[in-house]
Amino acid sequence: MRIFDPHIHMTSRTTDDYEAMYGAGVRAVVEPAFWLGQPRTSPASFFDYFDALLGWEPFRAAQYGIAHHCTIALNPKEANDPRCVPVLDELPRYLVKDHVVAVGEIGYDSMTPAEDTALAVQLQLAAEYALPALVHTPHRDKLAGLRRTLDAVRESALPPDHVLIDHLNETTVEEAKDAGCWLGFSVYPDTKMDEERMVAVLREYGPEKVLVNSAADWGRSDPLKTRKVADALLAAGFTEDDVDLVLWRNPVAFYGLSGRLDLDVAGTEATHEGNSILRGTPRTAPETAPEAGPESGVRSGSPAGEAPPVRPSFPATAEA
Amino acid sequence: MNDLHDAPGTDRTAARPAPAETATVLSVLHSRLNSALGGAARAWLDQALDEAAAHPGTDGPIPVWELRIAEAGRRCGPEHAEAARVLLLYAARADAPTLARVYRQGTADERRAVLEALPHLVEGPEGLPVVEDALRTNDTRLVAAAVGPYAARHLDAHNWRHAVLKCLFTGVPVDAVADLPRRARSDAELARMLVDYAAERTAAGRPVPDDLHRVLALTGHPATPTGTDVPDGPSAPDDAEAADGGEAADGTDGTDGKES
């Protein structure tokens with residue numbers, strides 16, 4: 001089983017997580033720029049974070065055979081902090097980078113005028129830089145937030161089929177689907193969605209344009225929720241093709257809209273063995289990464305003679 | 001990617017490349033890249049290089065060629081991005097402050113390209129901060145690119161020895177270290193550091209990297225790492241023997257003691 005987690009904050013996770021994710025079948029992730037829990041106090045703090053998303057984190061992921069891309073944005077919460085807002089002026093130089101596959105997370109937190117402005121500006125940036133957008137929907141007053149989000153999308157230059165509306169649930173999925181957007185669901189241990197409700201939503205609305213993510217971060221969350229949803233879907237009678245559509249082909253198609261998805265992890269990993277992350281771990285020959293499929297804008301496959309990925313030895317089967 | 005270092009006309013033992021030599025190396029690189037690229041990518045590169053040559057300065061908030069450097073991976077393919085970026089930096093005649101900016105604002109892949117371009121674009125030591133930054137990282141792709149000909153030429157003895165040791169720590173093959181035989185020769189302090197490191201590995205019950213023995217032999221100091229049965233200088237593997245291949249040459253054996 002191949003899994004693409006389209007929303008996970010690996011900066012907040014350990015190498016144990018990378019190892020377990022690989023074991024569960026995760027071969028690609030997208031890490032959206034977000035709030036770190038501790039408020040930032042200046043744009044410079046964002047720059048270091050963005051640089052990590054484009055430097056160190058993909059290197060860490062590659063050690064575990066996982067292709068890493070990111071989305072770049074001023075997140076909704078910090079859009080309200082005047083000390084942070086000037087980062088908007090610097091986003092263009094990040095949005096041209098090779099491994100940036102969307103603008104995000106953008107959207108609403110408390111639905112303030114400052115959030116309106118940041119959302120509109122960044123939807124416009126997505127259109128200008130030919131990128132799709134990953135749009136977070138709020139935890140509080142969710143349905144009203146969803147409607148205001150869809151209004152902002154309609155008023156923007158970005159077509160709805162270039163927008164992934166995330167953190168949907170039973171109360172918000174229908175309107176997002178009717179708007180023509182991609183549909184993201186975050187599956188959490190306690191909040192947001194769970195596996196069984198995810199099965200029910202897919203039964204009702206079908207797997208087209210649906211993406212499932214763990215949204216794992218620094219809070220209580222589980223980076224293996226994608227696999228657990230896949231297992232629940234199979235147990236409920238969905239076919240392997242359905243599961244592959246939701247957990248691989250849909251995220252590949254959505255982020256492939258950027259033309260920058262590179263799923264050849266051998267091409268992104270360390271040239272040399274033995275990085276600091278792999279303290280004393282044995283090394284094994286890699287399997288080849290899963291095929292990316294025919295979608296445009298996606299690269300995969302490794303040139304002959306490429307050095308194999310470096311990663312520790314661990315079981316290829318999941319204990320999910 | 002070591003295309004630059006392997007291209008005809010480079011000689012790692014040379015003190016510094018003459019401008020004509022750099023032009024030759026990059027011309028070879030360009031020809032190789034042209035034959036590897038498809039039509040659309042080749043046309044993109046040609047136009048990007050022309051733009052960089054015609055407008056090396058800042059026209060707006062950011063020079064166009066810097067945008068081309070950012071998008072080289074998706075235009076030429078990730079496997080050709082580094083060569084394309086090096087050629088763009090050369091076409092734009094990037095000086096040390098410009099290279100520092102591109103490095104500072106770059107992804108890890110772009111930073112590698114700056115490190116690869118450095119020996120061809122900067123004569124003096126003013127590019128050293130970029131090399132030192134890369135050597136502070138734990139990203140082995142950057143460490144390997146940092147120990148190229150520019151470091152061989154300009155890095156002071158202390159930092160150079162630490163760079164060599166870092167390669168051994170992180171498993172970067174010492175083949176990546178430019179001009180290794182010349183700089184290692186008669187370096188008693190490097191030999192001491194190597195012997196101490198070997199002793200530390202042995203005390204921990206861990207293997208000593210083959211590359212360590214190789215560098216130690218190059219120092220010419222017949223020190224034997226404590227607790228190992230490595231022969232003294234005359235019978236230790238010399239550079240040519242080790243470079244002939246086999247496991248010793250790739251430097252990846254027994255390097256599981258890592259920096260953090």
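Coordinates for the structure precede this section.
Summary of the structure given here. Since we're looking at a predicted model, the values are computed, not measured.

1. Let's talk about the overall build of chain B
Then comes step 1: Looking only at helices and strands, chain B features 16 helices and zero strands.
Then comes step 2: Relative to its 260 residues, chain B shows a buried fraction of 48%.
Then comes step 3: Of the contacts made within chain B by residues no fewer than 6 positions apart, 65% connect residues no fewer than 24 positions apart.

2. Here's the deal with the pairing of strand β4 (residues 100-107) of chain A
On any regular strand, side chains alternate: one points to one face of the sheet, the next to the other face.
All names here are of chain A.
Then comes step 1: Burial of β4 is extensive: eight of the eight residues sit out of reach of the surface.
Then comes step 2: Of the strand pairs in this sheet, strand β3 (residues 67-72) and β4 are connected by three bridges, and their pairing is parallel. By the bridge assignment for β4, Thr71 is matched with Ala102.
Then comes step 3: In terms of strand pairing, β4 meets strand β5 (residues 133-136) through three bridges, oriented parallel. Residue pairing for β5: Gly107 is matched across the bridge by His136.
Then comes step 4: Crossover connection from β4 via helix α5 (residues 113-128) to parallel β5: handedness right-handed.

3. Things to note about the sheet that holds strand β8 (residues 210-213) of chain A
All names here are of chain A.
Then comes step 1: Strand order in the open sheet made by the eight strands is β1-β2-β3-β4-β5-β6-β7-β8, with parallel pairing throughout. Two strands lie at the open edges of the sheet, namely β1 (3-5) and β8, each paired on one side alone. The average angle at which neighbouring strand axes cross in this sheet is 25°, direction not considered.

4. Some details on the packing of helix α4 (residues 64-76) of chain B against helix α5 (residues 78-91) of chain B
Residues and elements named next belong to chain B.
Then comes step 1: Between α4 and α5, the least distance of the axes is 7 Å, while the angle of their chain directions is 155°. Taken together, the axes of α4 and α5 lie roughly antiparallel to each other. Regarding α4 and α5, the two cross each other, and that crossing is right-handed. Along the contact surface, α4 presents Trp65, Arg68, Ile69, Ala72, Gly73 and Cys76, while α5 presents Pro78, His80, Ala81, Ala84, Arg85 and Leu88.
Then comes step 2: In terms of residue class, the contact of α4 with α5 is made up of eight nonpolar, two polar and two charged.

5. Side note on helix α10 (residues 240-256) of chain A
Then comes step 1: The sharpest bend along α10(A) reaches about 40° and sits at A:Val246.
Then comes step 2: Turning to α10(A), its buried residues number three or more, namely A:Val243, A:Val246, A:Leu247, A:Trp248, A:Asn250, A:Pro251, A:Val252, A:Phe254, A:Tyr255 and A:Gly256.

6. So, the environment of A:Gln124
Then comes step 1: Considering the arrangement of structural elements, one finds A:Gln124 in helix α5.
Then comes step 2: You can call A:Gln124 partly exposed: it has 14 C-beta atoms within 10 Å.

Conventions used here
Residues numbered from 1 in each chain as written. Chains lettered and ligands numbered in written order. Predicted model: local features only at pLDDT ≥ 70, side-chain atom pairs only at ≥ 80, totals over all residues. Helix = DSSP H or I, 4+ residues; strand = E, 2+ residues; numbered from the N terminus. Buried ≥ 20, exposed ≤ 12 C-beta atoms within 10 Å, placed from the backbone. Contact = placed C-beta atoms within 7 Å. Pairing = 2+ DSSP bridges. Right-handed = clockwise from strand over helix to strand, strands pointing away. Axes fitted to C-alpha atoms, helices over the stretch in contact; angles between N-to-C directions. Parallel < 35°, antiparallel > 145°, perpendicular 65-115°, else oblique. Left-handed = near helix turned anticlockwise from the far one by under 90°. Nonpolar A, V, L, I, M, F, W, Y, C, P; charged D, E, K, R; others polar. Bend = angle between axes of the 7 residues up to and from the residue.

In short, the description is geometric, and any link to function would need to be established separately.
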